[in-house]
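This is what each chain is made of:
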Amino acid sequence: MSLIKPDFDESVIVRSAEAEVIGQAPTTIRLLADSSSTGGALSTQRVTLADGADGAKPHHHSNSAELFYMLDGTAQLLSGEQVVTAQRGDLVIVPPGVAHAFAAAPGQDADILIVITPGVERFEYFRHLERIAYGKVPPESLLEVQELYDTYFLNSTTWNQARA
């Protein structure tokens, strides 16, 4: 068993009013703590999805687990070949290498706290997604940075059927 020892010595405190917000309804992402501020321990963000909005398309992380904690609402989460419906208070943790995706359940809102551990610098990844959403860079540009963000996209028939 290996132990990752984070390298930071002061508490990380992020006030809601100070967190950077990416996007706008129906999908907003509140950037809370990146790997550099937690000494590599974790990266975390809060994703709010309105009215069945998509969150992340199917992907996996080679080196990090991803934790989804439902703050409110109802979401669909892909974990491997299983689609889980999660509601307020539910927790889903996806291990490294396992395909996953998330979205608000059809006709529902979802407010999700997401933690990736060990941490990966992710804030710039979300800024990249925003540039794609606003047409500033093409969607294919994500393929060029998959390794940088340990986010590898894939196709999932299970997810496509659940979201159809």
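All of these numbers come straight from a predicted model, not from anything done at the bench.

Procedures and definitions
Residues numbered from 1 in each chain as written. Predicted model: local features only at pLDDT ≥ 70, side-chain atom pairs only at ≥ 80, totals over all residues. Heavy atoms only, no water. Salt bridge = Lys/Arg side-chain N within 4 Å of Asp/Glu carboxyl O. Buried < 20%, exposed > 50% of the residue type's maximum accessible area, 1.4 Å probe, protein only. Helix = DSSP H or I, 4+ residues; strand = E, 2+ residues; numbered from the N terminus. Phe/Tyr/Trp six-rings, centres within 6.5 Å; stacked < 30°, edge-to-face > 60°. Lys NZ or Arg CZ within 6 Å of the ring centre and 35° of its normal. Core = buried A, V, L, I, M, F, W, Y, C linked by side-chain atoms within 4.5 Å. Contact = heavy atoms within 4.5 Å. Patch = residues over 30% accessible without salt bridge, like charges linked within 9 Å, V, L, I, M, F, W, Y side chains within 5 Å. Areas by Shrake-Rupley, 256 points an atom, 1.4 Å probe, with all protein chains shown as cover. 1 Å grid on protein atoms, 1.4 Å probe; cavity = no way out; pocket = protein on both sides within 12 Å on 5 of 7 lines; lining within 4 Å. Points joined across faces, edges and corners; volume = space filled by probe spheres on them. Nonpolar A, V, L, I, M, F, W, Y, C, P; charged D, E, K, R; others polar.

Enquirer: Would you explain the pattern of salt bridges in this entry?
Expert: Side-chain pairs of opposite charge can arise where the charged atoms are in close proximity. For the structure shown, the criterion picks out seven salt bridges. Between Asp-54 and Lys-57 there is a salt bridge, and its shortest N-O distance comes to 3.9 Å. With relative accessibility at 56%, the residue Lys-57 sits in the exposed group. Between Arg-127 and Glu-124 there is a salt bridge, and its shortest N-O distance comes to 3.4 Å. Taken together, the residues Arg-127 and Glu-124, both in helix H1 (residues 123–133) and three residues apart, mark about one turn of the helix.

Enquirer: Just to check I follow, could you spell out the packing of aromatic side chains for this structure?
Expert: Any pair of aromatic rings gets described here by the distance separating the centres and the angle formed by the planes. Inspection of the entire model under this criterion finds three aromatic pairs. Pairing Tyr-125 with Phe-126 gives two aromatic rings, centres 5.3 Å apart and planes at 75°, and the pair type is edge-to-face. For the pair Tyr-125 and Phe-126, a shared accessibility class is recorded, and that class is buried. Across from the ring centre of Tyr-125, 4.5 Å away, lies the NZ or CZ of Arg-122, which sits over that ring.

Enquirer: Just checking my understanding: could you explain the nonpolar core for this structure?
Expert: Proteins that are soluble and globular tend to have nonpolar side chains buried together. If you look at the biggest cluster of nonpolar residues, it comprises 26 residues, and the most contacted ones within it are Leu-49, Phe-68, Leu-77, Phe-102 and Ile-112. Those elements that provide at least two residues to this core are strand E2 (27–33), strand E3 (43–49), strand E5 (65–79), strand E7 (91–94), strand E8 (100–104), strand E9 (110–117) and H1. Leave out the neighbours within four places in its chain, and Leu-49 touches Pro-26, Thr-27, Asp-54, Gly-55, Phe-102, Ala-103, Ala-104, Gln-108, Asp-109, Ala-110 and Ile-112.

Enquirer: Sorry if this is basic, but what is going on with a nonpolar patch on the surface here?
Expert: A contiguous nonpolar surface patch, about 340 Å² in accessible area, is contributed by Tyr-69, Leu-71, Leu-91 and Ile-93. Secondary-structure elements contributing two or more residues to the nonpolar patch are E5 and E7. In this fold, Leu-91 is placed in strand E7.

Enquirer: Sorry if this is basic, but what is going on with unusual backbone geometry here?
Expert: The phi angle of most residues is negative, glycine excepted, and most peptide bonds adopt the trans form. Cis geometry marks the peptide bond from Ala-25 to Pro-26, where omega comes out at 20°. Within the element layout of this structure, Pro-26 appears in the loop between strand E1 (20–24) and E2. Of the consecutive residues Thr-117 and Pro-118, the connecting peptide bond is found in the cis state with omega at -5°. Looking at where Pro-118 falls in the secondary structure, it is placed in the loop between E9 and H1. Non-glycine residue Asp-51 carries a positive phi angle of around 50°. With respect to the element layout, Asp-51 can be found in the loop between E3 and strand E4 (54–60). If you check the backbone angles, Asp-150 has positive phi at about 50° while not being a glycine.

Enquirer: I tried to follow H1 on my own but got confused; where do I start?
Expert: Structurally, the α-helix is built with 3.6 residues per turn, so residues lying three or four positions apart point the same way. Every buried residue of H1 is listed here: Phe-123, Tyr-125, Phe-126, His-128 and Ile-132. Against the buried residues of H1 lie E1, E2, E3 and strand E10 (152–153). Within two residues after H1, Gly-135 carries a phi angle of roughly 75°, on the positive side.

Enquirer: In this structure, what is going on with the layout of surface pockets? I would like to understand it.
Expert: Here the largest pocket is characterised by a volume of approximately 680 Å³. Elements with a minimum of two residues in the lining of the largest pocket: E1, E2, E3, E4 and H1. Element by element, the count of residues in the lining of the largest pocket is highest for H1, at six residues. Taken together, the residues of the lining of the largest pocket sort by class into 16 nonpolar, six polar and five charged. As a volume, the second largest pocket reaches approximately 170 Å³. Surrounding the second largest pocket, Asp-54, Ala-56, Lys-57, Pro-58, Phe-102, Leu-154, Asn-155, Ser-156, Trp-159, Asn-160 and Arg-163 form its lining. Secondary-structure elements contributing two or more residues to the lining of the second largest pocket are E4 and helix H2 (157–163). Per-element tally for the lining of the second largest pocket: the top contributor is E4, with four residues.

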